[in-house]
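# Observations on the three-dimensional arrangement
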Amino acid sequence: MLKKIFKSVDGLFKRSDKASGGSQQLPSKKKYTLEQEHISKNALETIKKLHKEGYEAYLVGGCIRDLLLSLRPKDFDVATNATPEQVKKIFRNSRVIGRRFKLVHVFWGKETIEVATFRGPHSKDDIATDAAQHSSGRILRDNVYGTIEQDATRRDFTINAFYYDIVKKQVLDHVNGLEDINSKVIRLIGNPQKRYQEDPVRMLRAIRFMVKLDFSIASETEQPLNQLSYLLGDIPAARLFDEVLKLFLSGNAVKIFTLLCQYNLFSYLFPLTAKALDKSPQAEKFIRQALINTDDRLNSGKTVNPAFLYASLLWPVLLEHLEKPISENLPNLLDLHDLANELIAEQSKYTTIPKRFGIPIREIWEAQIRLTRRQGKKADALLVHPRFRAGYDFLLLRESVGEDTAGLGKWWTCYQQADDQQRRTMIRQVNGDKKPSRRKRYHYKSKAKNKAEGKID
Ligand code: ATP
Ligand code: MG
């Protein structure tokens, strides 16, 4: 079993001879070493400084998990027995953050190392001061400190509860995480029902790690998911927005979406979309294609604007709210503007949509109308509009799942590639398709006439 791990990590992860006693079995005290060069210098420096001041300090959590699996950690976290205030005193360039879960951010240039104090169990005396729990079991405040062993059992999954001792060069595993790394299993520490009730976001984290690591989920960790999904309804919308971005901008959005639907979690993140999905198979086709494109872009090193993701996830809802199918009747811009604002406000109740994303979401939708207006100088003006690219990509996405746009996407593709003369011809053809309205012509005529008569200048 262990051989399998050693092979997969390819020299990055060595079992310490002392700990193993030369045996191929899992040693009772599980101690492993990591190659120091894969660890952030700033994290090592943070730990050394804490040691110098007489505190215990370890690398902890996801970074060790990722190093054990030969993945590049996203960030490096440190756990210590120093309180946040004591940590703050040691590092001039640091800030205590969080109320629910107080910790310290230590800034090293561009890199931030998160330093958390070992958490311990809550006693009655702590209630209302350092600890608080909702009647549903949700932990509202978790600032009771404890030992490293207690800290381990308060982390979410066994594979997220490793500590690395940089002096002894050993991975410490208090909750059998190495067994789960080896058998590729996501397993909550402790009683799953209680742990989800303490923090329902752990349900989303379980899905995220299953997909990110390609692990299965332990049956006892999986079993409560459907039944407890409603608990997400109590989580602040701002926190859920952050989680949605982590889930859908991971490069694995299609798989994540499938699992979120399977465990009934999606409908607590995007209730309006979930309803649209129930009603129309076309909605699912559109969203899946949007997520395939998102994954493709991210996996080929491109970026994805969260606004585009949200515009896609809510598009089927928008279509549902139009009076007539969009292929038959384009809504006017003002109506669409109002509808978009309403939808964005409604979705924000579940996952906050910051303004910097709300406006571009609306603009991407509005572009679906603006892109149909190509007469005169309008097409050229649209080409330099900051939202043109997103609007055009969105149009192609709609067409790729069979939405009828009368070949608008193809027209814009040609227009971008055309030279100036070809563009003029294309515009003339559009003008030929659609003559200016009588009212407009009359208006222009009368304006010219008025001018000739010296009534206006
Ligand atoms: P990644 O950074 O790749 O998303 P991670 O496991 O490092 O994964 P973080 O959100 O950075 O996740 O959290 C760092 C560590 O803090 C986790 O590994 C885990 O030990 C602990 N942790 C984070 N969120 C929770 C939670 N909701 N409940 C319990 N422990 C948590
Ligand atoms: Mg992390």
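Below, the structure is looked at part by part. (Residues numbered from 1 in each chain as written. Chains lettered and ligands numbered in written order. Predicted model: local features only at pLDDT ≥ 70, side-chain atom pairs only at ≥ 80, totals over all residues. Heavy atoms only, no water.)

### Looking at the side chain of H105
Within the secondary structure, H105 sits in strand β6 (residues 103-108). Look at H105 and you get buried, because its relative accessible area is 17%. Within polar-contact distance, the side chain of H105 engages the side chain of E114 at 3.0 Å. Residues in contact with H105, not counting those within four places in the same chain, are N93, S94, R95, I97, T112, I113 and E114. (Helix = DSSP H or I, 4+ residues; strand = E, 2+ residues; numbered from the N terminus. Buried < 20%, exposed > 50% of the residue type's maximum accessible area, 1.4 Å probe, protein only. Polar contact = N/O pair within 3.5 Å; in protein donor to acceptor, adjacent residues only side chain to side chain. Contact = heavy atoms within 4.5 Å.)

### Quick look at the site of ligand 1
Not every one of the 17 residues close to ligand 1 is listed here, only the nearest: R65, N160, D199, R202 and R208. Side-chain polar atom of R65 to an oxygen atom of ligand 1: 2.8 Å apart, as the coordinates give it. Within the side chain of R155, a nitrogen or oxygen atom sits 2.9 Å from an oxygen atom of ligand 1. Contact with the protein chains covers 83% of the free accessible surface of ligand 1, which is 580 Å². Mapped by element, the contributors of at least two residues to the shell around ligand 1 are α4 (62-68) and α9 (201-213). Here the shell around ligand 1 takes 5 residues from α9, the largest share from any one element. (Near = heavy atom within 4 Å. Areas by Shrake-Rupley, 256 points an atom, 1.4 Å probe, with all protein chains shown as cover.)

### Considerations on unusual backbone geometry
A positive phi angle is found at S70, which is not glycine, with a value near 60 degrees. When you line up the elements, S70 lands in the loop between α4 and β4 (77-80). Assessed through its relative accessible area of 37%, S70 is described here as partly exposed. Although it is not a glycine, K169 sits at a positive phi angle of roughly 55 degrees. Along the polypeptide, K169 turns up in the loop between β10 (162-165) and β11 (170-173).

### Some points on a negative patch on the surface
Taken together, the side chains of E323, D335, D338 and E342 make up a negatively charged region of the molecular surface. Within the secondary structure, D338 is located in helix α18 (residues 333-348). (Patch = residues over 30% accessible without salt bridge, like charges linked within 9 Å, V, L, I, M, F, W, Y side chains within 5 Å. Salt bridge = Lys/Arg side-chain N within 4 Å of Asp/Glu carboxyl O. Lys, Arg positive; Asp, Glu negative; His and termini not counted. Charge placed at Lys NZ, Arg CZ, Asp CG, Glu CD.)

### Comments concerning the nonpolar core
In terms of nonpolar packing, the biggest core is built from 102 residues, with L59, F248, L260 and W365 touching the most fellow members. With 10 residues, helix α17 (residues 306-321) is the single largest residue contributor to this core. When residues of this core are sorted by domain, at least three fall in each of domain 1 (31-196) and domain 2 (236-457). Not counting residues up to four positions away in its chain, the partners in contact with L260 are L204, I207, L247, F248, L265, F266 and L269. Membership of the second largest hydrophobic core comes to 14 residues, among which are L371, L408, A418 and I427. (Core = buried A, V, L, I, M, F, W, Y, C linked by side-chain atoms within 4.5 Å. Domains from an automatic or database assignment.)

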